[in-house]
Amino acid sequence: MKTLIKNGRVVDPSQKLDAVMDILVEDGKIKALGKNIAEAADEVFDATGLVVTPGLIDVHTHMREPGLEAKEDIISGTKAAAAGGVTTVACMPNTKPVIDTSIVVSGIKERAREESYANVEVIGAISKGEKGEELAEMGDMAEKGAMGFSDDGHYVKSSRLMVLAAKYVTAFDKPLLCHAIDPELDSEGYMHEGAVSARIGVPGVPAISEDIAVARDCIIAEYTGAHVHICHVASKGAIDIIRQAKKRGVNVTSEVTVHHLTLTDEACADYNSATRVNPPLRSADHVQAMREAVLDGTVDAIVTDHSPHAPEEKDVEFRYAPNGFCGLETSLAVMLTDLY
Ligand SMILES: [Zn+2]
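Residues numbered from 1 in each chain as written. Predicted model: local features only at pLDDT ≥ 70, side-chain atom pairs only at ≥ 80, totals over all residues. Heavy atoms only, no water.

Secondary structure assignment for the chain yields 12 helices and 15 strands. Taken against the 2.2 N^0.38 rule, which gives 20 Å for 340 residues, the C-alpha radius of gyration of the chain at 21 Å falls within 12% of a compact globule. Taking the principal axes of its C-alpha atoms as reference, the chain extends roughly 65 × 45 × 45 Å. In the chain, the share of contacts with a sequence separation of at least 24, taken over all contacts with a separation of at least 6, comes to 71%. Roughly 15700 Å² of accessible area belongs to the chain as shown, and the carbon and sulfur atoms make up 54% of that amount. Of the side-chain charges in the chain, 33 are positive and 53 negative, and the distance between the mean point of each set is 3 Å. (Helix = DSSP H or I, 4+ residues; strand = E, 2+ residues; numbered from the N terminus. Rg over C-alpha atoms; globule rule 2.2 N^0.38 Å. Contact = heavy atoms within 4.5 Å. Areas by Shrake-Rupley, 256 points an atom, 1.4 Å probe, with all protein chains shown as cover. Lys, Arg positive; Asp, Glu negative; His and termini not counted. Charge placed at Lys NZ, Arg CZ, Asp CG, Glu CD.)

What follows is the structure, given as structure tokens:
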């Protein structure tokens, strides 16, 4: 099977490539790249006026399997990814049961091989059941191909456990992906603490709930040498802590979501429960800081934190709505429209 993609603007930063070209694909592999490829193909696609790029990778998504299929599953989640140009997704382990054993890692990989529309990488839990009490069998999960480890949705509250986890993962060179938000400060509110929360009368969460947690995890990265990746950074204080750590040579990376680059807390002003997300949508100064951090390289990846819920779960009063919303279908389009 040969497919010829003609006259597309081929963009691939890894090859320093940005030019109008043809691409010949044979049996799923690129066979030729060049101007005016004349070879006969079974299928010819005219990409005039379109951009042709390698598939995007999203390192922070929730495929909701196993156990939460009313929200999303591997089929619907990877269909959304493919529709948005994302060909590899990494799925977080806050499922039912939690992805905290090698058998669950293998099961998801197996199911993804059979039924998915994109590559699925699996992130295992740091602690058993994401309870923050006892380390999960990260070595076993790594052996079965877990990409990294995270208690996403929860902060690993115990610094002692987090240090142990960091020492453990250095043995097999996998990152810890940290949901770095102080849970006690976080539990006091429902949106970003600032002028909008004060105006509409919704208790707010201070941005320092991120800063404090991010600082600790950067310190643990520095102490252990482990690769610590800070998930969904949304606070200007937190991103500056990461910037300083990187300058010192700490093995820390970070990601920012599409929504934290493009939406402010004004989106919450009409109590639309769809806008509830964690970290919350922040004020314009934080959004601007995140944009600057993308430009100066403090941010290593733009992600969606694609976190669908069933409509009946989300269609409730603002403060009762679960955090999270979809993003895979729209991430690239939003980035190109708002930022590029
Ligand atoms: Zn998270």
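Moving on, we come to the environment of H232. Relative to the helices and strands, H232 is located in the loop between β13 (228–230) and α8 (236–247). According to the relative accessible area criterion, H232 is buried, its value standing at 2%. Separated by 27 residues in sequence, H232 and H259 have C-alpha atoms that sit 9.8 Å apart. Side-chain polar atoms of H232 contact the side chain of D152, separated by 3.4 Å. (Buried < 20%, exposed > 50% of the residue type's maximum accessible area, 1.4 Å probe, protein only. Polar contact = N/O pair within 3.5 Å; in protein donor to acceptor, adjacent residues only side chain to side chain.)

The subject of this paragraph is the coordination of the zinc ion. Ideal coordination angles are 109.5 degrees for a metal with four donors arranged tetrahedrally and 90 or 180 degrees for a metal with six donors arranged octahedrally. Distances from the zinc ion to its protein donors, D152 (OD), H179 (ND1) and H232 (NE2), fall within 1.9 to 2.3 Å. Counting along the primary sequence, the residues that act as donors to the zinc ion give the motif D-x26-H-x52-H. Here the residue H179 occupies a position in the loop between β10 (176–178) and α5 (183–186), and H232 occupies one in the loop between β13 and α8, the gap between them amounting to 53 residues. As far as the burial class goes, H179 and H232 line up, both buried. (Donors = N, O, S within 2.8 Å, 3.2 Å for Na, K, Ca; no water.)

This brings us to the nonpolar core. Judged by nonpolar contacts, the single largest core of 56 residues is most densely connected at I108, M138, F149, L176, I230, I242 and V252. Ranked by residues supplied to this core, first place goes to helix α4 (residues 159–170) with 6 residues. Ignoring any residue separated from it by four or fewer positions in sequence, one finds I230 in contact with C178, A180, V214, D217, I242, V252, T253, S254 and E255. Membership of the second largest hydrophobic core comes to 9 residues, among which are I200, V202, C268 and L281. (Core = buried A, V, L, I, M, F, W, Y, C linked by side-chain atoms within 4.5 Å.)

A separate point is the domain arrangement of the chain. Each assigned domain of the chain is listed here: domain 1 (2–46) and domain 2 (55–338). Here domain 1 and domain 2 have C-alpha centroids that lie 35 Å from each other. (Domains from an automatic or database assignment.)

Another point: the packing of α4 against helix α7 (residues 208–224). Contact geometry of α4 with α7 gives a least axis separation of 10 Å together with a crossing angle of 45°. The orientation of α4 relative to α7 falls into the category oblique. For α4 against α7, the interelement crossing comes out right-handed. Between α4 and α7, the residues in contact are S159, M162, V163, A166, K167 and T170 and R216, D217, I220, Y223 and T224, respectively. (Axes fitted to C-alpha atoms, helices over the stretch in contact; angles between N-to-C directions. Parallel < 35°, antiparallel > 145°, perpendicular 65-115°, else oblique. Left-handed = near helix turned anticlockwise from the far one by under 90°.)

Counted according to the given criterion, the structure contains 20 salt bridges. A salt bridge links D18 to R9; its shortest N-O distance comes to 2.9 Å. With its nearest N and O atoms 2.9 Å apart, the salt bridge here joins D217 to R216. Residue D217 is classed as buried on the basis of its relative accessible area, which comes to 1%. It is possible to trace a salt-bridge network through shared partners that takes in K2, E26, K31 and E39. (Salt bridge = Lys/Arg side-chain N within 4 Å of Asp/Glu carboxyl O.)

Where strand β1 (residues 2–12) meets strand β2 (residues 17–26), 9 bridges bridge the pair, whose relative direction is antiparallel. Looking at the pairing, R9 lines up with V20 of β2. Hairpin geometry of β1 and β2 is characterised by an intervening segment of 4 residues between the two adjacent antiparallel strands and by a positive phi of about 50° at K16. When β2 meets strand β3 (residues 29–34), the two strands line up antiparallel, connected through 5 bridges. Along β3, the bridge assignment pairs V25 with I30. (Pairing = 2+ DSSP bridges.)

A large share of strand β14 (residues 252–257) lies buried, amounting to 6 of its 6 residues. Residues V252, S254 and V256 of β14 are buried on one face, and the alternating residues T253, E255 and T257, pointing to the opposite face, are buried as well. The sheet contact formed by β13 and β14 spans 3 bridges and is parallel. Residue pairing across strands places H229 opposite T253, the latter belonging to β14. The pairing of β14 with strand β15 (residues 301–303) spans 3 bridges and is parallel.

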